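Coordinate analysis (summary)
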Amino acid sequence: MSDLPSSKESSTSQKPIATIVVVEDNELNLKLFRDLLHVYHFNVIDTKDGQLAISLIKETMPDMIIMDIQLRGISGLDIIRAIKQDESIKHIPVIAVTAFAMKNDPENIMASGCEAYVSKPISIMSFIDTVNQFLKNHHK
Ligand code: MN
């Protein structure tokens, strides 16, 4: 797999290749995303508070957003809808993170306006593939 970073690459490329905002209220999942994205040299900005997501995104203007759907007090789908209705941030690709129970409801998830979704439990390689795919589309 040529696109897996080797330890050699890790020591030579220290500049983040992109900034990703992660909105996830579960500490373990958040740690998993953070650690995984760091391994692949992404700069990670995160929050557990969905209410803060929009202002954080506007402040930091990330290259991508990872959005948990089930947050405390707010639906991640509603946040994605708000992002996609906002001219200043709607261009930023959003990957929704869905609970296993929503796996059979892809139309409802995609109707929010997100570019892609991944289901928990996260498959590491397909998650990274999805991130790279939508960053590439965004930058082309
Ligand atoms: Mn959650």
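Residues numbered from 1 in each chain as written. Predicted model: local features only at pLDDT ≥ 70, side-chain atom pairs only at ≥ 80, totals over all residues. Heavy atoms only, no water.

Notes on the packing of aromatic side chains
The condition that has to hold: The rule is short: rings of Phe, Tyr and Trp, with Trp giving its six-membered ring, pair when the centres are within 6.5 Å, and they are stacked under 30 degrees, edge-to-face over 60, tilted in between. Numbered from the N terminus, helices here are DSSP runs of H or I no shorter than four residues, and strands are runs of E no shorter than two. Note on exposure labels: buried denotes an accessible area under 20% of the residue type's maximum, exposed denotes more than 50%, and partly exposed covers the range between, all computed with a 1.4 Å probe on protein chains only.
Applying the stated rule across the entire model yields one aromatic pair. A centroid spacing of 5.1 Å and a plane angle of 45° characterise the contact between Phe33 and Phe127, whose relative ring orientation is tilted. One end of the pair, Phe33, is in helix 2 (residues 27–39); the other, Phe127, is in helix 6 (residues 124–139), with 94 residues separating them in the sequence. Judged by relative accessible area, which is 2%, Phe33 ranks as buried.

Notes on the confidence of the model for the protein
We apply this condition: As a per-residue quantity, pLDDT reports the predictor's confidence and falls between 0 and 100. Any two residues having at least one pair of non-hydrogen atoms within 4.5 Å are treated as being in contact.
Summing up the model confidence of the protein, the mean pLDDT is 88 and the portion of residues at 70 or higher is 85%. Note that pLDDT drops below 50 for residues 7–12; the model gives that stretch three contacts with residues more than four away or on any other chain.

What about the side chain of Thr47?
Short version of the rule: Think of a polar contact as two N or O atoms within 3.5 Å of one another; within protein, one of them needs to be a possible hydrogen donor and the other a possible acceptor, and neighboring residues in sequence only count if both atoms come from side chains.
Looking at the secondary structure, you find Thr47 in strand 2 (residues 42–47). Thr47 sits in the buried class, given a relative accessible area of 11%. A distance of 3.0 Å separates a polar atom in the side chain of Thr47 from the backbone nitrogen of Asp49. Ignoring any residue separated from it by four or fewer positions in sequence, one finds Thr47 in contact with Val22, Val23, Glu24, Leu52 and Leu56.

Overview of the sheet that holds strand 1 (residues 18–23)
Threshold: Two strands qualify as a pair provided DSSP detects at least 2 bridges between them. Whenever a helix is involved, its axis is fitted only over the stretch in contact; in every case the axis is a line through C-alpha atoms, and angles between N-to-C directions fall within 0 to 180 degrees.
As summarised here, the arrangement of the five strands in space is 2-1-3-6-7, forming an open sheet in which the pairing is parallel. Two strands in the sheet have a free side with no partner beyond their single neighbour: strand 2 and strand 7 (116–119). Going across the sheet, the axis of each strand differs from the next one's by a mean of 20°, ignoring polarity. Direction of pairing for strand 3 (residues 64–68) relative to strand 6 (residues 94–98): parallel, over a ladder of four bridges. Bridging across to strand 6, Ile66 finds its partner in Ile95. The strands that helix 2 touches are strand 1, strand 2, strand 3 and strand 6; relative to strand 2, the one it contacts most, it runs at about 165°. Sitting on the sheet, helix 4 (residues 76–84) touches strand 3 and strand 6, and the angle it makes with strand 3 is about 150°.

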